[in-house]
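Each chain, written out:
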Amino acid sequence: MKKKFEIREHGQGVFDVCATNDGRIFTCSADGYVVSWDVLTGKQNPFVIRTSVPAYALACSENLLFVGLNNGDLHWIDLQTKQEIKFFTQHKSPIFRLLFIPEINKLVSTDADGYLGVWDCEKLQLDLFFQIPCGKIRSIAFNEKSQELLIGGQNGIVYQFETAFFNQINQFYAHQDGVTALCFHPNGTLLVSGGKDAHLRVWNSKNGEKIKAFPAHLYAIYKIVFSPDGKLMATCSRDKNIKIWNAEDFSIIQKLDFKAGGHQHSVNSIIWTESGLISVSDDRRIILWEE
C-alpha cells in the first residue's frame, strides 16, 4: 500500500469516516464539522454540516447520512436535498458507533452507557432501545450470511443477537479491558475482534470458539476492515499505526506508520472502498492509501 493523497482541512482531530457507493466520503471532527470529500480527487464537495457539539460516529445508506454526536443526539440527513429529515435525542451519552445494515434496512446505534438503538430507515422511526450491562459499546458487526449482529462491550464480552427480533442468542469473553473492534471475515464463518489489550483474536462466528490470538498493536485497536476482494485485512490503533494483514493466514504484510507517510497521532477509523483504504486521525489528516 502507498499513499495517494492526504487531506488536512479539519481544524482538529478526525473521529470517523464513512463512504457512499458514488465516491463520496464523509468525515467528522472535534472541530464540530461534518464534511464531504471526493474520494478520487481529495477535493471537498459542496456539503458541510456544523453540529452543536462534535460528532463521534457516522454511517450512510444510499440516500441518508447518519450523524451521532458526543451528547447523544442523532441527526438524519437526506443526501439529495442536503436537509435534515429526522433528529432524535434518545441517547443520553456519547454515540460511539453507528452501523447501517442494508439487508434489513436498519440503523444500529450504541453509546457510552451501553444502550443499543435499532432504527427503521423506511419508517424513519425507533424500533428498539435497550441497555446491555457491558459498559461502553465501541464496536458493532453484522454477519450478512447468518443475519446476526454482534456487540463488543467494555467488559470484554461479545454479545450475539439475531436480527428478526433482536433477541440475544450467545455471548463469550473476548478481551481484557474491553472489546474495541469487531469485523466478520468475508467468508462469513470467522469473526475477528480487537481489544484495548492491543490483541487480535479470531473466532468461530457460530459458537464463539477461539481459533487464533496474537498481539497486533501497542495500544487499543479501533477498527478492523477487509479489502473489497477479501484478500487483505487492515487494522488501526491508538498507537498511530495501520497494519495490513493477509486475510487467509493473518500474517503481517505491511505497517503504514509515520515513516511510510502515515499518521502522527491515534488512527481513529478506517474504511476500505473500491478506491482504496481511507484513514482518519487525531493529527487532523485524512489519507487515501492505494495498492
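Before reading on, note that the structure itself is shown above.
Below is a summary of the structure that appears in this document. (Residues numbered from 1 in each chain as written. Predicted model: local features only at pLDDT ≥ 70, side-chain atom pairs only at ≥ 80, totals over all residues. Heavy atoms only, no water.)

The subject of this paragraph is the sheet that holds strand β20 (residues 199-204). On the basis of which strands lie adjacent, the open sheet formed by four strands has the order β18-β19-β20-β21 and antiparallel pairing. The open sheet terminates on both sides in strands that have one partner only, identified here as β18 (179-184) and β21 (210-215). Neighbouring strand axes in the sheet, compared pairwise and without regard to direction, differ in orientation by 15 degrees on average. In this sheet, β20 lies alongside strand β19 (residues 190-195) in antiparallel orientation, the contact comprising five bridges. Along β20, the bridge assignment pairs valine 192 with valine 202. (Pairing = 2+ DSSP bridges. Helix = DSSP H or I, 4+ residues; strand = E, 2+ residues; numbered from the N terminus. Axes fitted to C-alpha atoms, helices over the stretch in contact; angles between N-to-C directions.)

Per the counting criterion, the structure on display carries eight salt bridges. Salt-bridge contacts for arginine 8 lead to glutamate 6; the nearest nitrogen and oxygen are separated by 3.5 Å. Judged by relative accessible area, which is 41%, arginine 8 ranks as partly exposed. Since its relative accessible area comes to 30%, glutamate 6 is described here as partly exposed. The partner of aspartate 283 in a salt bridge is arginine 285, and the shortest N-O contact between them spans 3.1 Å. As far as burial versus exposure is concerned, aspartate 283 and arginine 285 are alike and both buried. (Salt bridge = Lys/Arg side-chain N within 4 Å of Asp/Glu carboxyl O. Buried < 20%, exposed > 50% of the residue type's maximum accessible area, 1.4 Å probe, protein only.)

Extensive coverage of strand β16 (residues 157-162) is indicated by the burial of six of its six residues. Both faces of β16 are covered, namely the face carrying Ile157, Tyr159 and Phe161 and the face carrying Val158, Gln160 and Glu162. In terms of strand pairing, strand β15 (residues 148-153) meets β16 through five bridges, oriented antiparallel. Looking across to β16, one finds that glycine 152 is bridged to valine 158. With five bridges connecting them, β16 and strand β17 (residues 168-173) associate as antiparallel partners. The residue bridging phenylalanine 161 from the neighbouring strand is glutamine 168, located in β17. Hairpin connection from β16 to β17: five residues lie between these consecutive antiparallel strands, with phenylalanine 166 at a positive phi of about 60 degrees.

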